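# Fold and geometry: a report
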Amino acid sequence: MRNHPVDIYILSGFLGSGKTTLLHRLLQEERRRKRKVAVLMNELGDLAVDSAAVPGDIPLKELLNGCICCTIQGQLTHQLLSLHQQYKPDVIYIESTGVAHPLEVLEACVTPQLIPHIRICKIVNVVDLLRWQHQKSRLSIRLQKLLEEQVRYSDFLILNKMDALSAIDRDAIVTEMKQLNTKALTILTNYADFPLQTLYRLEESGASFVRDTSEPTHVHRHLHVRTFSYTWTHPIAQRDLEEWLRQSPDQLYRAKGYIRLREHADSLFSFQYSYGMPLFVPESFPHPTITVFIGEELDADTLKQQLRYLEEIES
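An account of the accompanying structure is given in this report. Everything numeric in this text was worked out from a predicted model, so none of it was measured.

### Thoughts on the pairing of strand 7 (residues 185-188)
- Relative to strand 7, strand 6 (residues 156-160) runs parallel, the two being bridged by four bridges. Bridged to L159 within strand 7 is L188.
- A crossover connection joins strand 6 to the parallel strand 7 through helix 7 (residues 167-180); in handedness this β-α-β unit is right-handed.

### Considerations on the pattern of salt bridges
- All chains considered together, the criterion is met by twelve salt bridges.
- Salt-bridge contacts for R119 lead to D7; the nearest nitrogen and oxygen are separated by 2.9 Å. Linking R119 in strand 5 (residues 118-128) with D7 in strand 1 (residues 6-12), this pair joins segments that are 112 residues apart in sequence.
- Residue class for R119 comes out partly exposed when judged on its relative accessible area of 29%.
- Each of D7, E30, R33, R35 and R119 takes part in a single network of salt bridges with overlapping partners.

### Observations concerning helix 3 (residues 102-109)
- Of all the eight residues making up helix 3, seven are buried; the element is thus mostly covered by neighbouring parts of the structure.
- Inspection of helix 3 places P102, L103, E104, V105, L106, A108 and C109 among the buried residues, and these make up the whole buried set.

Conventions we followed
- Residues numbered from 1 in each chain as written.
- Predicted model: local features only at pLDDT ≥ 70, side-chain atom pairs only at ≥ 80, totals over all residues.
- Heavy atoms only, no water.
- Pairing = 2+ DSSP bridges.
- Helix = DSSP H or I, 4+ residues; strand = E, 2+ residues; numbered from the N terminus.
- Right-handed = clockwise from strand over helix to strand, strands pointing away.
- Salt bridge = Lys/Arg side-chain N within 4 Å of Asp/Glu carboxyl O.
- Buried < 20%, exposed > 50% of the residue type's maximum accessible area, 1.4 Å probe, protein only.

Right, here's the structure in full:
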């Protein structure tokens, strides 16, 4: 059967920024363009409140009670495959939760199972300008970091609710955005209202993921993101690992896997690291002690050498 390539747009942005309003406009435009559309919505609760924005004739999958980047990443991959195989859409829109890291969502999209079917995969981020302006006084450091990374890793930035700010304040934020992300196309809007052809012109850009049909697809050729895995041969001191993470490159944004700690050598732990915060959770099911590190332009050889040293030092 001939492969039917699909375009994927990840709609990112913090809670209440205007993602659902944007999705509604995009679905209207796709109807005008006569393209087959499917939608995947992710909500943290057990009720899909925003699904009412999707007309009944559009295929819809819902991922509830979890965030794509934390607990249900594998489900996202499965649901995308299901949408593609069942409906053969031309485009899939993913509306992620407001607290999802866009690269984590992208990671779930560009898997070996899905890559042969994807033509492009782009990250579209909606920024609430008023929230951005007041984030330091109203949001935790962790959430401030999340907002910053949602901007940094986007292909298209929609700076929404522009009328809530003065022209001077808007210009200052636009300057901040350009410092965080020099490559994204940026537009100021109210109610996410702008000429949608501006977004669709991203199709030919080299950002996030564009499938190169002239050669075998290789994710790392198209992304700034790099990953490497490390197999632990000995337990490690938790405080040594935490200190290493504090001094690690800013480009290391995530790590996940399984590890044994010297403080509890007989126990296995699930290890997660994101936004500067390590998390160790006791794991009852046996897993290989392997951790995957994810970041931008990582020097894997140097980092692996440092990790080996951590295993060898006496604490």
